[in-house]
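Reading the structure
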Amino acid sequence: MGYTIAQKIIKNHLVSGEMKVGNDIGIRIDQTLTQDATGTMAYLEFEAMGIKRVKTEKSVAYIDHNTLQTGFENADDHRFIQSVCKKHGIYFSRPGNGICHQVHLERFGIPTKTLIGSDSHTPTAGGLGMLAMGAGGLDVAVAMGGGAYFITMPKIVNIELTGKLNDNVSAKDIILEVLRIMSVKGGVGKIIEYSGDAIKTLSVPQRATITNMGAELGATTSIFPSDENTREFLKAQGREQDFMPISPDDDAVYDEHIKIDLSTLTPLAACPHSPDNVKKISDLEGMKINQVSIGSCTNSSYADMMKVAHILKGKTVHPDVSLSIAPGSKQVLNMLAQNGALSDIIDAGARILESACGPCIGMGQAPNSKGVSLRTFNRNFLGRSGTKDGEIYLVSPETAAVSAICGVLTDPTKHADGYEVKIPEHFLINDNMVIEPASVEEMDSINVLRGPNIKEFPETAPLQSDIKSTCSLKVGDNITTDHIMPAGAKILPLRSNIPAISEYCFTVCDSSFPSRAKSLESNIIVGGSNYGQGSSREHAALAPLYLKVKAVIVKSFARIHRANLINAGILPLEFVDENDYNNINLGDELDILNVRDKIKNGKEITVINKTTGKEIKTKCELTQRSRDIILAGGLLKYTMEKGE
Ligand code: MIC
Ligand code: SF4
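Residues numbered from 1 in each chain as written. Chains lettered and ligands numbered in written order. Predicted model: local features only at pLDDT ≥ 70, side-chain atom pairs only at ≥ 80, totals over all residues. Heavy atoms only, no water.

1. Remarks on the overall build of the protein chain
The helix and strand tally for the protein chain stands at 22 helices and 27 strands. Over its C-alpha atoms the protein chain spans a radius of gyration of 23 Å, differing by no more than 12% from the 26 Å that the globule rule assigns to 644 residues. Its C-alpha atoms put the protein chain at 70 × 55 × 55 Å along the principal axes. Put simply, of all contacts in the protein chain between residues at least 6 apart along the chain, 77% involve residues at least 24 apart. Roughly 22200 Å² of accessible area belongs to the protein chain as shown, and the carbon and sulfur atoms make up 47% of that amount. Separation between the mean location of the 67 positive side-chain charges and that of the 75 negative ones in the protein chain comes to 3 Å. (Helix = DSSP H or I, 4+ residues; strand = E, 2+ residues; numbered from the N terminus. Rg over C-alpha atoms; globule rule 2.2 N^0.38 Å. Contact = heavy atoms within 4.5 Å. Areas by Shrake-Rupley, 256 points an atom, 1.4 Å probe, with all protein chains shown as cover. Lys, Arg positive; Asp, Glu negative; His and termini not counted. Charge placed at Lys NZ, Arg CZ, Asp CG, Glu CD.)

Below, the structure is given as structure tokens:
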């Protein structure tokens, strides 16, 4: 039996476990990336492990999220990360150099290698044929120290693409169609592998748009073959030596198969408030809009920006619309500046933002009250834009640009001519914004610079024998990490200060949660299915840890968040019978007796609802390693004890 692409890469990197669906496997990691919003924590954790120099082939730290610098906090964090990088062997991409995933694709990603990043959109590099996964900061810290990354061996879904996209239908519409078919839970426990005749019509940046937003399926990662298009892209980036072909064996076996004929696709939009709430633009056409934002790690490549510039050329943004544009990297921005396209964009009245995440993470450009905003981004969760009653639609750059001119949601296939942007023969290469680490001889003399906002990792303790707690919060299905630990310009500066950021935990759902949780001796959260989808932010586990949350009981978890809970030493429990969700209410007293022993011996865990007298069966499927992590009180304690 032959192998799929992902299986081939996993096989070559396997350090423990057997490559069988559902098994726990450990993978050797070649590269890591961090961004600043999760990076400070990841490097504090790396420092706590006492390892002198990273052991990966390449580790890169990007500054792209908290670039607004409304106070000293972010600037201090950036300085801390820069000095840690210099000391410990990590490349540092300065603010202004671009969004981590865009820059990594351009300058560092290598086909057939493995990458983990403390950001859920790390699978963007799957567009290059790399096995790239999002992870919690602690997992990235462990990988930087040479430790393996542990996942459950996923199923492999084959998405076969046939036909060819029509003019002004784009890669974004392909992934929106996949989201429509599979939903935000459809990819959990799966890797999505693309194949078919149509892939040769898709460039690496187009493929990267698709793998990027595979994160919204809940998938472990998404991946394309590495072929002549990949070689062409790497060559244009001056990196042909990094090219390595990879494709599935002819007799590769997949667990699921989906076929999409690109020629049948029309422009799509993900409607509020979920990336899988997908409708045809033609069914929404004419809707009045207030704002358009173009950029983010999903759609900020050179080709995307050139298309936008072409549509805007000689036009003016509609008077009722605010259009902001953030090219994904310094390379993209500089190329637009050199070829005059930037001038077309400016002339049309677009507001040019720096090459960073910006509005995608609520760093500015919040829409007006009840404002309708079209964004080329990947997430439209409630409140993420900074305006709680904002209505966010996720669309392609073509749809966004045409609509910005018309002032209403507009189908680009009807209103713009076809304009193909080819990968340039040579991208503009200048890595002057990437600082190299100090040499082995110099590294000891580097001082790590810490600001007053940088607080230590919260204390964890080994798992107790009995948990006697209160249900402090009950939430529904598809809770995102943006609900658990919101971001935005006000909260993001607190990412390296867990006590302070905890004051905002779950406030999107219930503003009194932090004070209630703190007033209790310990507490338990109850949730529905796909709990913790979205971002990789380990703060969504560290803030609950600080707020004395001992267990989270839900119908089902999203992958990265579940791993983050385990890493923080919080018990991730699932109802054996989903109907028992109805048998716990806010304020109920809950006992979980002999839990240490039950975890140790892999037994079913009974939660006694002392308020109602009901007994509720839960399960906690753990591998030997995650069991040991929970018993030790989290991954940091476990790693330090084991000296891994
Ligand atoms: C996001 O898109 O939600 C983020 C901000 O990039 C996060 C990381 C974070 O919360 O810092 C992600 O996707 O993992
Ligand atoms: Fe940044 Fe948005 Fe991409 Fe997250 S999804 S990395 S916030 S651009």
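Additional details are given in the paragraphs that follow.
2. Quick notes on the sheet that holds strand β4 (residues 58-62)
An order of β7-β6-β3-β4-β5-β20 is seen for the six strands of this open sheet, with the pairing classed as mixed. Unpaired on one side and paired on the other, β7 (131-134) and β20 (434-435) mark the two borders of the sheet. Strand direction decides the pairing type here: strand β5 (residues 91-93) and β20, joined by two bridges, are antiparallel. Looking across to β20, one finds that S93 is bridged to V434. On the sheet, helix α2 (residues 36-48) packs against β3 (31-35) and β4 and is oriented at approximately 115° with respect to β3. Packing against the sheet, helix α3 (residues 72-88) makes contact with β4, β5 and β20, and its axis sits at approximately 150° to β5. (Pairing = 2+ DSSP bridges. Axes fitted to C-alpha atoms, helices over the stretch in contact; angles between N-to-C directions.)

3. Brief notes about the site of ligand 1
Residues in close proximity to ligand 1 total 14 residues, the closest being D119, S120, R495, S536 and R537. In this structure, an oxygen atom belonging to ligand 1 sits 2.9 Å away from a side-chain N or O atom of Q35. Within the contact set of ligand 1, an oxygen atom lies 3.0 Å away from a side-chain nitrogen or oxygen of S535. Considering ligand 1 on its own, with 340 Å² of exposed area, one finds that the protein chains cover 96% of that surface. Here the residues of the shell around ligand 1 sort into two nonpolar, seven polar and five charged. (Near = heavy atom within 4 Å. Polar contact = N/O pair within 3.5 Å; in protein donor to acceptor, adjacent residues only side chain to side chain. Nonpolar A, V, L, I, M, F, W, Y, C, P; charged D, E, K, R; others polar.)

4. Here we look at the site of ligand 2
In the region of ligand 2, the neighbouring residues are H65, H101, D119, H121, S296, C297, C357, C360, I361, N378 and R384. Classifying every residue of the shell around ligand 2 by side-chain character gives four nonpolar, five polar and two charged.

5. Points about unusual backbone geometry
In the segment running from P272 into H273, the intervening peptide bond is cis, with an omega of -10°. Unusually for a residue other than glycine, K548 sits at a positive phi of about 65°. The topology assignment puts K548 in the loop between α18 (539-546) and β23 (549-554).

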